[in-house]
Amino acid sequence: MTSSSNAESFLSKLRQVPRLPFIWQFTWVYLTIMLFVPAIALLLKASTLSPPEIWRIATSPIALSAYDVTFVTALVTATINGVVGVIIAWVMVRYEFPFRRILDAAIDLPFALPTAVAGLTLATIYSDSGWIGSLLAPFGIRVSFTRLGVAVAMLFISLPFVVRTVQPVLKELEPELEEAAWSLGASQFQTFWRVLLPPLLPSILTGVALGFSRAVGEYGSVVIVAANVPFQDLIAPVLIFQRLEQYDYAGATVIGSVMLGASLVILLAINLLQAWGRRYDI
Amino acid sequence: MTSEVFNPLSRKPSPKTDSQELAKKGEWTKLVLIGIVVVYLALVLFIPALNVFVQAFDGGIEGFINTFRQREFVNALRLTLLMAAIAVPLNTIFGICAALALARKRFPGRTLLISIIDLPFSISPVVAGLMIVLLYGRNGWFGPLLDAAGIRIIFAIPGMLLATIFVTLPFVAREVLPVLEEMGPELEEAAKTLGASDWQVFWRVTLPSIRWGLLYGLILTNARAMGEFGAIVVVSGSIRGKTQTLPLFVEEAYKQYHTQSAYAAAVLLALLAVVTLVLKEILERKTAIKDTE
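Keep in mind it's a predicted model, so treat the numbers as computed, not measured. (Residues numbered from 1 in each chain as written. Chains lettered and ligands numbered in written order. Predicted model: local features only at pLDDT ≥ 70, side-chain atom pairs only at ≥ 80, totals over all residues. Heavy atoms only, no water.)

A. Summary view of the interface of chain A and chain B. If you look at the interface, chain A gives 85 residues, while chain B gives 86 residues. Buried surface at the junction of chain A and chain B, both sides included, amounts to about 7,800 Å², of which 78% is carbon and sulfur. Counting every contact that joins chain A to chain B gives 2 salt bridges. Where R101 of chain A meets E281 of chain B, a salt bridge forms, and the shortest distance between an N and an O atom there is 3.4 Å. Across the contact surface, chain A and chain B share 14 residue pairs in polar contact (both at pLDDT 80 or more). Take the side of chain A that touches chain B: its biggest share by element is 20 residues, from helix α2 (residues 20-47) of chain A. (Contact = heavy atoms within 4.5 Å. Buried area = accessible area lost by both parts, 1.4 Å probe. Salt bridge = Lys/Arg side-chain N within 4 Å of Asp/Glu carboxyl O. Polar contact = N/O pair within 3.5 Å; in protein donor to acceptor, adjacent residues only side chain to side chain. Helix = DSSP H or I, 4+ residues; strand = E, 2+ residues; numbered from the N terminus.)

B. Local environment of the packing of aromatic side chains. Residue and element names in this part refer to chain B. Enumeration according to the criterion identifies 23 aromatic pairs over all chains in this entry. With a centroid separation of 6.3 Å and an interplanar angle of 75 degrees, the aromatic rings of W141 and F142 are classed as edge-to-face. An aromatic cluster of three or more residues is present, and its members are F57, F64, F68, F73 and F249. (Phe/Tyr/Trp six-rings, centres within 6.5 Å; stacked < 30°, edge-to-face > 60°.)

C. Seen up close, empty space enclosed by the protein. For the structure on display, the rule yields 2 cavities of 30 Å³ or more. A volume near 40 Å³ is recorded for the largest cavity. Lining the largest cavity we find I33, M34 and P38 of chain A together with I132, Y136, L162 and F166 of chain B. The set of elements that each furnish at least two residues to the lining of the largest cavity consists of α2 of chain A together with α7 (125-136) and α9 (157-168) of chain B. By residue number, the principal contributor to the lining of the largest cavity is α2 of chain A, which donates 3 residues. (1 Å grid on protein atoms, 1.4 Å probe; cavity = no way out; pocket = protein on both sides within 12 Å on 5 of 7 lines; lining within 4 Å. Points joined across faces, edges and corners; volume = space filled by probe spheres on them.)

D. Local environment of the domain arrangement of chain B. Residues and elements named next belong to chain B. You can read the domains of chain B as domain 1 (23-56) and domain 2 (71-292). Computed from C-alpha coordinates alone, the two centres of domain 1 and domain 2 are separated by 32 Å. Residue-level contacts link 5 residues of domain 1 with 7 residues of domain 2. On the domain 1 side of the interface with domain 2, the three residues burying the most area are V52, F53 and A56, jointly 76% of the side's total. Seen at the junction of domain 1 and domain 2, the total is 0 salt bridges. Classifying every residue of the side of domain 1 that touches domain 2 gives 3 nonpolar, 2 polar and no charged. (Domains from an automatic or database assignment. Nonpolar A, V, L, I, M, F, W, Y, C, P; charged D, E, K, R; others polar.)

Right, here's the structure in full:
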């Protein structure tokens, strides 16, 4: 067998199974190195600990309070952004006003602005001497370096999700539908509740879940805005980082695995919500 | 006046005052809702964004420029560019391959594989960094092996690159896949029957069709690669002048009360965000125009 005939047979094979082998090979190898092996490393490391040990670390008081700060604050902020996000999407789709396009484009800012910058500027503005913080300070409300600061950072980073999931659905809903309901005597509230909300609901919930997922995992902006004091405003990702800094790999691994498990559950929920949203598609 | 013409309410045989009242009510709702949106966006987005620029020049232009002369700053800038220069091309090649593979074949578990590719978006960046530390760190799987070979990955640039690639993995694949699905295999098949090689098909047919989606994915990958904080801070140890990218430089400067340095570096990153948004908007308009054609 000469090398040229070898090459020829290889080429003819390539023609027979067009392009698939290489792109699949590359996809799998890349995913394995970059994604699968690191994920397995985390799970295997966790499996070297005994179950009682895992349970003890995962449910230690400091971890429980970190979950509380992380998940409850993320849920509250994602819900707030769910409500405001619908209003923003509505205003952007249905109303015409000056600077609308610029406002619309700026909503993606949290996707584009590095989180460290977001944390830095939010910490300054909402501090006692900052532009907004100084207005709140006389009322005894402190934002930066408290749990409220965590909430503000999470509001910032989860802002675009609901707007961007609701906007396309809202664009396809014809205004005639609302006008029909309206002219049949429905109040504005009834029109919203009975006519608009049902078809929008899957996309709203998907957006809230996406925002929640992002807020739960957020580190950069929160670590700068918060004081990171245990039992007050310490979030789970910061706790993982602190454990690593103390070379407590077991602690970091267990809490990291809890966070990974939570991400997978949220991801599953998002997929189910999206499937639910597509049930209207023909 | 024109809205009156198109308003079906005005055609309703009800008293005129009624429809006028409704229109007035609608006008009020509009103003209130726009007001809510503007105030909310100002509090959460615009005032913080404006503040970055104000603070950067607060101590005069000199302090601003002095930051750029710091050795640590220059190093951080260089590392940030390096992260993007390596992570963006690698993830672009991966994204195109994965999208091509997924778009042209239906198989059981396809949806699952798409979800897996999306996984880095759901995982906390700190957990991503932790995974890489557990794999390549001193006590990690490959730790002893790497130690023996004298290769450092954690607290060094390779680990930071791995972390950056991890968090930016899905962008290109997820932007290109829907474009390929919409395009369908017909054009590529036609080119192939006309005798084009696989490479020619990709270069002449596939690539021109996906170019806007690809560019969109590239821009997002680049923005995230330059701005990543959580994953990098875990694997890099944030060593001043050695393993600090610009976002880490910002945090460190802020913690050391070098507020103006922090904001000077932050301005560069904010400008990156503005450029990203402008390019995104241009691309969105381009693709929207194509849709209506």
